[in-house]
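What follows is the residue order along each chain.
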Amino acid sequence: MSEATHHLIAASSPHVGSSIGTRNLMRDVIIALIPALCIGVYFFGPRALIATIISVAASVFFEWAYRKLMKKSNTVGDLSAVITGILLAFVCPVTLPYWILIIGDFFAIIVVKQLFGGLGKNFINPALGARAFLMLCYPSQMTTWASPGPSNWAPLGMSVSQDYIDAFTGATPLSSTFMHKPTFALPDGTGLWDMFVGNIGGCIGEVSALLLIVGAIYLLCRGVIRIRIPAAFILTVAVLSFIFPLGGNGHVEWMLYQVLGGGLMIGAFFMATDYTTSPVTKKGEWIYGIGCGLLTVFIRYFGAYPEGVSYAILLMNVCVWLIDKYGQPRRFGVSAEMRKAEKAAKGGAGK
């Protein structure tokens, strides 16, 4: 009888492997974003697709070049740079010149992501950080909105002509309400159904609440995101808008305009849920989502900018460490005396 040979393999944790990796998760996010891209191309024309492709290509190139220059491992294959490129294009108007979009990709990948150590170490969302940077540097170009419809499709050139801007651009529903402060009159000719399906002016990938929700359902079913942050975010905006309608508008109608308008859907489902920049505890996720909703409403009501989603998420990103600290669940079986003794022991060891 032959003796069985056993090999003892010593390895560092974790010892349980999984077939689900970063690439798989990012691939699911890309799939979930395809419906919003399709409706963006339908309403804003082929330029929306070209801008998205350019943004993705620039993001991938900057990540590859930086890692190559710094003699680090190539991380392009994890598809995180692809997601950053898509999301940045999605939160920019279709009329934005390509070269400005590329500058945004550089800021997102190099400044926000790689200079802090790469994927998993950035403290704010790269796409939103780049959008805030572009809003600061190019406010006019970042707030020029093309009107939807095939007859209004933007030209494919590097820059959009002033004649096109004068003839085929207009205000978004949120910017229209903002311009009528303090009455906040609802925009003429824009119905709630138009806002739901995406037949409004706005950024490439944020106009259709319907298809963003479709993509979000896919991510929820795949287990890529959890419902707590988006639910807390959207419900907070909805409740506050319902309780405090402005300009004599109806409670329900005003609430729906605030929920369906702007970047709330793409922000709540695709940006606030970013693993690196969101809390990991259940309590922390609820706090984080509610905080995003509160800041969004405060910025829209009292700020000098009609949209508050991007800045709300960025502000909450920098608070995640504190939220996780105080959102940790209590350890069962540990009394107050035991915690006091543990704290005293740590203090003594520090000395």
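One can find the structure itself at the top, above this paragraph.
Residues numbered from 1 in each chain as written. Predicted model: local features only at pLDDT ≥ 70, side-chain atom pairs only at ≥ 80, totals over all residues. Heavy atoms only, no water.

**What to know about the overall build of the chain**
Operational definition: Working definition: helices are DSSP H or I runs of at least four residues, strands are E runs of at least two. Numbering for both runs from the N terminus. For the exposure calls, accessible area comes from a 1.4 Å probe over protein chains only, and a residue counts as buried if that area is under 20% of its type's maximum, exposed if over 50%, partly exposed in between. Here, two residues are considered to be in contact whenever any of their heavy atoms come within 4.5 Å of each other.
Assigned secondary structure in the chain consists of 17 helices and two strands. For the chain, the residues scored as buried account for 50% of the 351 residues in total. Long-range contacts, defined here as pairs at least 24 residues apart, represent 74% of the contacts in the chain between residues at least 6 apart.

**Describing the packing of aromatic side chains**
Put simply, the rule reads: Aromatic pairs are defined between Phe, Tyr and Trp rings, using the six-membered ring for Trp, whenever the two ring centres lie within 6.5 Å; interplanar angles under 30 degrees are classed as stacked, those over 60 as edge-to-face, and all others as tilted.
Taken as a whole and judged by the stated rule, the model has eleven aromatic pairs. Pairing tryptophan 99 with tyrosine 138 gives two aromatic rings, centres 5.7 Å apart and planes at 90 degrees, and the pair type is edge-to-face. Residue tryptophan 99 is found in helix H4 (residues 98-113), and its partner tyrosine 138 is found in the loop between helix H5 (126-137) and helix H6 (139-142); the two are separated by 39 residues along the sequence. Look at phenylalanine 298 and phenylalanine 302: their rings are 6.5 Å apart centre to centre, the planes differ by 45 degrees, and that puts the pair in the tilted class. With a gap of four residues between them, phenylalanine 298 and phenylalanine 302 both fall in helix H14 (residues 282-302), about one helical turn apart. Among the aromatic side chains, those forming a connected cluster through ring pairs are Phe61, Phe62, Trp64 and Phe106.

**So, the packing of helix H10 (residues 209-222) against helix H13 (residues 264-271)**
Here is the rule: Axis definition: a line fitted to C-alpha atoms, limited for helices to the stretch in contact. Angles are taken between N-to-C directions and run from 0 to 180 degrees. Should an angle fall under 35 degrees it is called roughly parallel, over 145 degrees roughly antiparallel, and 65 to 115 degrees roughly perpendicular, with every other angle called oblique. Crossings are classed by handedness, with left-handed meaning an anticlockwise turn of the near helix from the far one by less than a right angle and right-handed meaning a clockwise turn. Only Asp, Glu, Lys and Arg are considered charged in this grouping, and only Ala, Val, Leu, Ile, Met, Phe, Trp, Tyr, Cys and Pro are considered nonpolar; every other residue, Gly among them, is considered polar.
Packing of H10 against H13 brings their axes to within 9 Å, and their N-to-C directions diverge by 10 degrees. Classified by the interaxial angle, the pair formed by H10 and H13 is roughly parallel. In the crossing of H10 with H13, the sense of the turn from one axis to the other is left-handed. Contacts from Ala209, Leu212, Ile213, Gly215, Ala216 and Leu219 in H10 reach Met265, Ile266, Phe269 and Phe270 in H13. Residue composition of the contact of H10 with H13, grouped by class: nine nonpolar, one polar and no charged.

**As for the environment of isoleucine 39**
Looking at where isoleucine 39 falls in the secondary structure, it is placed in helix H1 (residues 22-44). Note on isoleucine 39: relative accessible area 16%, which makes it buried. For the pair formed by isoleucine 39 and isoleucine 204, sequence separation is 165 residues and the distance between their alpha carbons is 8.7 Å. Among all residues touching isoleucine 39, those that are not within four sequence positions of it are Val197, Ser208 and Leu211.

**Thoughts on the nonpolar core**
We count it as follows: Put simply, a nonpolar core is a bunch of buried Ala, Val, Leu, Ile, Met, Phe, Trp, Tyr and Cys residues held in one set by side-chain atoms that sit within 4.5 Å of each other.
Ranked by size, the top nonpolar core spans 81 residues in total, and within it Leu87, Phe90, Phe233, Met265, Phe270, Tyr288 and Ile313 carry the most contacts. It is H1 that provides the largest number of residues to this core, a total of ten residues. Once residues within four sequence positions are removed from consideration, phenylalanine 270 is found in contact with Val29, Ala32, Leu33, Leu87, Leu212, Gly215, Ala216, Leu219 and Met265. Formed by six residues, the second largest nonpolar core is a distinct cluster that contains Ala58, Phe62, Tyr66 and Ile109.

**Details of the side chain of aspartate 324**
Selection rule: Think of it this way: Lys and Arg go in the positive column, Asp and Glu in the negative one, and His and the chain ends go nowhere. Whenever a carboxyl oxygen of Asp or Glu lies within 4 Å of a side-chain nitrogen of Lys or Arg, that contact is scored as a salt bridge.
By secondary structure assignment, the location of aspartate 324 is in helix H16 (residues 320-326). Despite its burial, aspartate 324 pairs with no opposite charge, the nearest such side chain being arginine 226 at 8.5 Å.

**As for unusual backbone geometry**
Residues apart from glycine generally show negative phi values, whereas peptide bonds are mostly found in trans. A positive phi angle, close to 55 degrees, is found at lysine 71, a residue other than glycine. Classification of lysine 71 as exposed rests on a relative accessible area of 77%. Even without being glycine, leucine 79 reaches a positive phi, approximately 70 degrees. Along the chain, the position of leucine 79 falls in the loop between helix H2 (46-69) and helix H3 (80-90).

**Here's the deal with the pattern of salt bridges**
Counting across every chain of the model gives five salt bridges. Among the ionic pairs, arginine 228 bridges to glutamate 285, the shortest N-O distance being 2.5 Å. Here the residue arginine 228 occupies a position in helix H11 (residues 228-243), and glutamate 285 occupies one in helix H14, the gap between them amounting to 57 residues. For the pair shown, arginine 228 and glutamate 285 are each scored as buried.

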